[in-house]
Amino acid sequence: LCLLCGLPAAGKSSLARALRRRLPQRPGWACALLAYDELIPPEAFCPRPAPGAGPQQPGPLLPGWKRSRRELLQCLEGFLRALLTGAPLPGPAQPGWERFLGCCRREGLLPAAEGDARAASRPLYLLLDDNFYYQSMRYEVYQLARKCNYSLFLGMRLFVGNSVHFSCLLTSAVSDRWLFIIAGYLEQIMNLLATALENPERPNEEDTEQKEAARAICAASAVHQADQACRRVISQAMQDAKGKNILPSEMKSLAEDLNKLKAEFLEDLRQGKILKTQYSDPATTVISSFQHEASNVVNKYICK
């Protein structure tokens, strides 16, 4: 996936068309250009009618252009999944699919998506031509690349991942000189694209690692919380035992038994042997159970 993002008239489409012509000249490479100007219908940018201008109808939850971008991203994800797994292509039920399908057909992408082994085996560069002016727009495609284990390359704008950054004056952005500059860098850009292809974005393993780390932090917090509460229970139990005139030698044994019991409960909590119930979390369950068992231990010493 190659994102071409930047200001209007900065040369994105010119670069995209140049890459679209040159990339297939490298042995075994396939390339397709997906221009957002063609894929998002013009009516998506039309303002809503002013109040009182016509029949009142409930408007969509999202502005038209936002909704169209989201639908386009869903179409792209469905297409990539068909390439990767052989899953069926989305159908007319997917909003925006017919327009997306027409673009794929013009770009010769359907054989690969429909299971043509020869077409599917070639490296494929999808050039996404759009402003991508919000970071969130670029991040959505980045997340898609990670999800599908695809390479990601960003041109015309410095961004996370493999990228190349062109600078141009606004006054000369559409000039022939700018097009000549682009042509001079095509070979270098294609080499960078080849590097990106060899280094795909990692799948969401990092998210799994982060979740595991967060889980470990929560578990450690639960153990700490239970440990502090159990210490207070032991302190109160020792005071109660002292008030019952238990011998000093037995007070020492009682403290040892209570601390040993506490260690066993906390270890069970650490190992995940204490499960969350409908009414309480594991730490609360441990504290309640320990308090009950601690009372039993103290009663044994009192009844001696």
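Bear in mind that the values here come from a model prediction, so they are computed numbers and not experimental data.

Undergrad: If you had to explain the overall build of the protein chain to someone new, which residues and values would you point to?
TA: Scanning the protein chain from terminus to terminus reveals eleven helices and five strands. Buried residues in the protein chain amount to 40% of all 304 residues. Considering only contacts in the protein chain between residues 6 or more positions apart, those separated by 24 or more positions represent 72%. On the protein chain, roughly 18,300 Å² of surface is accessible, and the fraction owed to carbon and sulfur atoms is 54%.

Undergrad: I'd like a description of the pairing of strand E2 (residues 30–35), backed by residues and values.
TA: Here E2 lies mainly inside the structure; six of its six residues are buried. Every second residue of E2 is oriented toward a common face, with Ala-30, Ala-32 and Leu-34 on one face and Cys-31, Leu-33 and Ala-35 on the other, all of them buried. Of the pairings in the sheet, the one linking E2 to strand E3 (residues 124–129) comprises six bridges and is parallel in character. By the bridge assignment, Ala-30 is partnered in E3 with Leu-124.

Undergrad: Which residues make up the environment of Ala-32, and what values go with them?
TA: For Ala-32, the location among the structural elements is in strand E2. Residue Ala-32 is classed as buried on the basis of its relative accessible area of 0%. For Ala-32 and Leu-126, which are 94 residues apart along the polypeptide, the C-alpha to C-alpha distance reads 5.1 Å. What Ala-32 contacts, discounting residues up to four positions off in sequence, is Arg-20, Glu-107, Leu-109, Leu-124, Tyr-125, Leu-126 and Leu-127.

Undergrad: With reference to specific residues and values, describe empty space enclosed by the protein.
TA: Rolled over the atoms, a probe with the dimensions of a water molecule shows which regions are left empty. Considering all chains together, one arrives at one cavity of 30 Å³ or more under this definition. Its volume calculated, the largest cavity comes out at about 50 Å³. Forming the boundary of the largest cavity are Tyr-36, Arg-69, Leu-73, Phe-132, Met-137, Glu-140 and Val-141. For the lining of the largest cavity, the elements supplying multiple residues, two or more each, are helix H3 (64–85) and helix H7 (135–148).

Undergrad: Quick one: what's the story with H3, residue by residue and with numbers?
TA: Helix length check: H3 (22 residues) gives 31 Å between terminal C-alpha atoms against 32 Å at 1.5 Å per residue, within 8%. Just downstream of H3, Gly-86 is the residue with a positive phi angle, here 80°.

Undergrad: Quick rundown of the nonpolar core? Include the residues and the values.
TA: In globular proteins that are soluble, nonpolar side chains generally tend to be buried together. Among the nonpolar cores identified, the biggest contains 34 residues, and Leu-34, Leu-80 and Phe-100 are the most heavily contacted of them. At the level of elements, E2, helix H2 (36–39), H3, helix H4 (97–106), E3 and H7 are the ones that each hand at least two residues to this core. Ranked by the residues each element gives to this core, the list is headed by H3, at seven residues. Discounting residues that sit within four places of it in the chain, Leu-80 has contacts with Leu-1, Leu-126, Leu-144, Cys-148 and Tyr-150.

Undergrad: I'd love a proper account of the pattern of salt bridges, names of residues and values included.
TA: With the rule as written, the count across this model stands at ten salt bridges. Of the charged contacts, one joins Arg-231 and Asp-227 as a salt bridge, the two residues approaching to 3.1 Å between their closest N and O atoms. With Arg-231 and Asp-227 both in helix H9 (residues 205–243) and four residues apart, the pair spans about one turn of that helix. Owing to a relative accessible area of 13%, Asp-227 belongs among the buried residues under this scheme. Connected through shared salt-bridge partners, Arg-22, Arg-26 and Glu-187 make up one network.

Undergrad: An account of unusual backbone geometry is needed here, citing residue identities and associated values.
TA: Despite not being glycine, Phe-132 has its phi angle at roughly 45°, a positive value. The residue Phe-132 is located in the loop between E3 and H7 in this model. By relative accessible area, Phe-132 is classed as buried at 1%.

Undergrad: I'd like a rundown of the confidence of the model for the protein chain, residues and numbers included.
TA: For the protein chain, mean pLDDT is 77; residues scoring 70 or higher make up 72% of the total. Confidence drops under a pLDDT of 50 for residues 156–161, and excluding neighbours within four residues, the segment shows 22 contacts in the predicted structure.

Conventions adopted
- Residues numbered from 1 in each chain as written.
- Predicted model: local features only at pLDDT ≥ 70, side-chain atom pairs only at ≥ 80, totals over all residues.
- Heavy atoms only, no water.
- Helix = DSSP H or I, 4+ residues; strand = E, 2+ residues; numbered from the N terminus.
- Buried < 20%, exposed > 50% of the residue type's maximum accessible area, 1.4 Å probe, protein only.
- Contact = heavy atoms within 4.5 Å.
- Areas by Shrake-Rupley, 256 points an atom, 1.4 Å probe, with all protein chains shown as cover.
- Pairing = 2+ DSSP bridges.
- 1 Å grid on protein atoms, 1.4 Å probe; cavity = no way out; pocket = protein on both sides within 12 Å on 5 of 7 lines; lining within 4 Å.
- Points joined across faces, edges and corners; volume = space filled by probe spheres on them.
- Expected span 1.5 Å × (residues − 1).
- Core = buried A, V, L, I, M, F, W, Y, C linked by side-chain atoms within 4.5 Å.
- Salt bridge = Lys/Arg side-chain N within 4 Å of Asp/Glu carboxyl O.
- pLDDT = per-residue confidence, 0-100.

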